[in-house]
Amino acid sequence: DSVTEHPSIEVRPMEGIAGVDYLTPGTLTNHVSYVFGPVINALKKVGYREGIDLDAVPYDWRLPPTELERRDRYFTKTMRKVEEMYERG
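Description of the structure in this document.

Cut-offs applied
- Residues numbered from 1 in each chain as written.
- Predicted model: local features only at pLDDT ≥ 70, side-chain atom pairs only at ≥ 80, totals over all residues.
- Heavy atoms only, no water.
- Phe/Tyr/Trp six-rings, centres within 6.5 Å; stacked < 30°, edge-to-face > 60°.
- Helix = DSSP H or I, 4+ residues; strand = E, 2+ residues; numbered from the N terminus.
- Buried < 20%, exposed > 50% of the residue type's maximum accessible area, 1.4 Å probe, protein only.
- Arc of directions from axis to C-beta.
- Contact = heavy atoms within 4.5 Å.
- Salt bridge = Lys/Arg side-chain N within 4 Å of Asp/Glu carboxyl O.
- Patch = residues over 30% accessible without salt bridge, like charges linked within 9 Å, V, L, I, M, F, W, Y side chains within 5 Å.
- Areas by Shrake-Rupley, 256 points an atom, 1.4 Å probe, with all protein chains shown as cover.

Looking at the packing of aromatic side chains
Piece 1. In total, this model carries two aromatic pairs according to the counting rule given.
Piece 2. A centroid spacing of 6.3 Å and a plane angle of 65° characterise the contact between Tyr59 and Tyr74, whose relative ring orientation is edge-to-face. Remark: Tyr74 occurs in helix α4 (residues 74-88) and Tyr59 occurs in the loop between α2 (37-45) and α3 (65-72); sequence separation between them is 15 residues.
Piece 3. Of the residues examined, Tyr74 reaches a relative accessible area of 14% and is grouped as buried.
Piece 4. Residues Tyr74 and Phe75 carry aromatic rings whose centres are separated by 5.0 Å and whose planes lie at 90° to one another, so their mutual orientation is edge-to-face.
Piece 5. By the ring-pair criterion, three or more aromatic residues cluster together here, those being Tyr59, Tyr74 and Phe75.

Structural data, given as structure tokens:
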């Protein structure tokens, strides 16, 4: 059962850019643990701004979409974030 959590343990993905840039951030580890770090850096170099027009919405890949929405309101929050970024942009 990948849906039921232990009562005293809550596992959630890291939020925002920090959740998708590097698995192990650091000077010595960035080059071997990147996920989207190089893409994020390239986008920033051409003018994208974190939290304004550049963000990420990591998710708990262990859960089906219906459970993500029920437990965390994932899709509701994601749509809200997209709409807020659109209004700011």
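Considering α3
Piece 1. All buried positions along α3 are accounted for by Glu67, Leu68, Arg71 and Asp72. Along the long axis of α3, the arc covered by the buried residues comes to 105°, so they all point the same way. The outward face of α3, more than 90 degrees from its buried face, is lined by the exposed residues Pro65, Thr66 and Arg70.
Piece 2. Looking at the packing, one finds that the buried side of α3 touches α4.

Focus on the pattern of salt bridges
Pairing between side chains of opposite charge can happen when their charged atoms approach one another.
Piece 1. The full count for this structure, using the stated rule, is 11 salt bridges.
Piece 2. A salt bridge links Arg71 to Asp72, with the nearest nitrogen and oxygen atoms 2.7 Å apart.
Piece 3. On the basis of relative accessibility, which here comes to 17%, the residue Asp72 falls in the buried class.
Piece 4. Several salt bridges share partner residues, and in doing so they unite Glu5, Glu10, Arg12, Asp60, Arg62, Arg71 and Asp72 into one network.

Focus: a nonpolar patch on the surface
Piece 1. A surface patch of nonpolar side chains, amounting to about 390 Å² of accessible area, comprises Leu23, Val35, Phe36 and Val39.
Piece 2. With respect to the secondary-structure elements, Val35 resides in the loop between α1 (30-33) and α2.

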